[in-house]
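# Topology and contacts: notes
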Amino acid sequence: MPINEVPTEDAALLPADAATKRRFVRGIFSAIAPRYDLLNHLLSFNVDRAWRRRAIAELNWEHAPEATYLDLCAGTLDVAATLANQPGFRGRIVGADFAEPMLREGRDKVKSNVAPVVADALELPLAPESAAGAIVAFGVRNVSDLNAALREVHRVLAAGARFVILEFTTPRQPIMRALYHVYFHRVLPMIGGIVSGNRAAYRYLPKSVAHFPPEEQLAARLRDAGFADVRWQSLTFGIAAIHVGRKS
């Protein structure tokens, strides 16, 4: 299937197997790349910028400001650009994503110390223990094999390095959860579909969040992958959460 020919009806169900999910996800993100940043900020009321800054603060990059860091599922390189612009940061950032159009959309944001790389999260082009930290923002739920991706990040991190995950979650407070479902499952797909021209992508988004492990389960998977000192915190009434783990 060509990456820009994703049938709308495919979004009715999540892809059933890893290979299909990989093709589907790469297709929809390649298709919506030109409107991705606009819709991110619009649909989140610009709160996503603050979420990213908080996640980057958890990376603890100050302990090694000249080292190499990984921005996983980097998309349009928002995280990489924000990290690269931190006062005192003198390191290198590898922005890895398997949807090349997304990386191309973000190339004007970044400095020379950001290296965009077309790569799958399950097979990163980094040597073992070569990264001083890794971060992924709103991308880990899209990988075809979550456990394998967590193990792969663990492989490339140096001892003591942190892995930070910023991801959508489902609010637990009943009233907020009800409002969230109306917005996320009805309003967001409508606006996203109109602006991007791709209904499938914005019907897939709420389904991918609904089927992603809740905070406690994601924390358990991080521990199973070898991470220590795993913790998480909710953001903005439980709409998103930051997980942090350390390679011991």
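A brief structural summary. Numbers given for residues are sequential positions, taken from 1 along each chain in its written order. For a predicted model such as this one, the threshold for reporting local features is a pLDDT of at least 70, and the threshold for listing and counting side-chain atom pairs is 80 or more; totals across whole chains, interfaces and linings nevertheless cover every residue. The side-chain values count all of the structure's non-hydrogen atoms but skip hydrogen atoms and water molecules.

## Side note on the pairing of strand S1 (residues 68–72)
Burial within S1 is extensive, with four of its five residues counted as buried. Orient the strands so they point away from the viewer, and a crossover whose first-strand-to-second-strand path over the helix runs clockwise is right-handed. Numbering of helices and strands starts at the N terminus; helices are DSSP runs of H or I of at least 4 residues and strands are runs of E of at least 2. You can see the chain leave S1, run along helix H4 (residues 78–84) and come back into strand S2 (residues 92–97), and the turn it takes is right-handed. Burial classification: accessible surface area is computed with a 1.4 Å probe over protein chains only, and a residue below 20% of its type maximum counts as buried, one above 50% as exposed, and the rest as partly exposed.

## What to know about the nonpolar core
The tendency in soluble globular proteins is for nonpolar side chains to be buried side by side. Here, nonpolar core means buried Ala, Val, Leu, Ile, Met, Phe, Trp, Tyr and Cys residues that are tied together by side-chain atoms lying within 4.5 Å of each other. Ranked by size, the top nonpolar core spans 49 residues in total, and within it Phe29, Leu83, Leu166 and Tyr202 carry the most contacts. Contacts between residues were defined by any pair of non-hydrogen atoms, one from each residue, lying within 4.5 Å. Leucine 166 has contacts with Trp51, Arg52, Ala55, Val136, Ala137, Phe138, Leu235, Ala240, Ala241 and Ile242, leaving out every residue within four places of it along the chain. Counting 30 residues, the second-largest nonpolar core is a separate cluster that includes Ala96, Ala121, Val156 and Leu218.

## Re the side chain of glutamate 215
Looking at where glutamate 215 falls in the secondary structure, it is placed in helix H9 (residues 215–224). Excluding residues within four positions of it along the chain, glutamate 215 makes contact with Thr169, Arg172, Trp232, Ser234, Ala241 and His243.

## Section: the pattern of salt bridges
Each reported salt bridge corresponds to a side-chain nitrogen of Lys or Arg within 4 Å of a carboxyl oxygen of Asp or Glu. If you walk through the whole model with that rule in mind, you get 13 salt bridges. A salt bridge links arginine 22 to aspartate 120; its shortest N-O distance comes to 2.6 Å. Of the two residues, arginine 22 sits in helix H1 (residues 18–32) while aspartate 120 sits in the loop between strand S3 (114–118) and strand S4 (131–137), which places them 98 residues apart along the sequence. Given a relative accessible area of 16%, aspartate 120 falls into the buried group. Between aspartate 78 and lysine 109 there is a salt bridge whose closest N-O contact spans 2.4 Å. A residue pair is termed long-range when its members are at least 10 positions apart, and aspartate 78 in helix H4 and lysine 109 in the loop between helix H5 (100–106) and S3 qualify at 31 residues. Residues participating in the shared-partner salt-bridge network are Asp37, Asp78 and Lys109.

## Here we look at the sheet that holds S4
In spatial order, the strands read S3-S2-S1-S4-S5-S7-S6; together these seven strands make up an open sheet with mixed pairing. Strand pairing shows two members of the sheet lacking a second neighbour, S3 and strand S6 (227–235), which therefore form its edges. Averaged over all neighbouring strand pairs, the angle between strand axes comes to 15°, with direction disregarded. Sheet strands touched by helix H6 (residues 146–156): S1, S4, strand S5 (157–168), S6 and strand S7 (240–247). Its angle to S5, the strand with the most contacts, is close to 145°. In short, DSSP must find at least two bridges between two strands for them to pair. Geometry is summarised by axes, namely lines fitted to C-alpha atoms with helices restricted to the contacting stretch, and by angles between N-to-C directions that run from 0 to 180 degrees.

## Topic: the packing of aromatic side chains
Here a pair means two rings of Phe, Tyr or Trp (six-membered ring of Trp) with centres within 6.5 Å. Their orientation is stacked below 30 degrees between planes, edge-to-face above 60, and tilted elsewhere. Following the criterion strictly, the structure yields 11 aromatic pairs and no others. Look at phenylalanine 29 and tyrosine 36: their rings are 6.0 Å apart centre to centre, the planes differ by 65°, and that puts the pair in the edge-to-face class. Phenylalanine 29 gets classed as buried once you look at its relative accessible area, which sits at 14%. A relative accessible area of 12% means that tyrosine 36 is categorised as buried. Ring centres of tryptophan 51 and phenylalanine 138 lie 6.0 Å apart, and the angle between their planes is 55°; on these two criteria the pair is classed as tilted. A residue pair is termed long-range when its members are at least 10 positions apart, and tryptophan 51 in helix H3 (residues 47–58) and phenylalanine 138 in the loop between S4 and H6 qualify at 87 residues. Exposure remark for phenylalanine 138: the relative accessible area of 7% places this residue in the buried category. Through a chain of ring-to-ring contacts, three or more aromatic side chains come together here, namely Trp51, Phe138, Phe168, Tyr180 and Phe184.

## Here's the deal with H6
Taking burial as the measure, the 11 residues of H6 include eight buried ones, the bulk of the element. When H6 is considered as a whole, its buried residues turn out to be Leu146, Ala148, Ala149, Leu150, Glu152, Val153, His154 and Val156. Buried residues along H6 sit in contact with S1, S4, S5, H9, S6 and S7. The residue sitting at the N-terminus of H6 and contributing the capping side-chain oxygen is aspartate 145; that oxygen lies 3.3 Å from the backbone nitrogen of asparagine 147. Side-chain atoms alone can form a polar contact between residues adjacent in sequence; in general such a contact is a pair of N or O atoms within 3.5 Å, and within protein one must be able to donate a hydrogen while the other accepts it.

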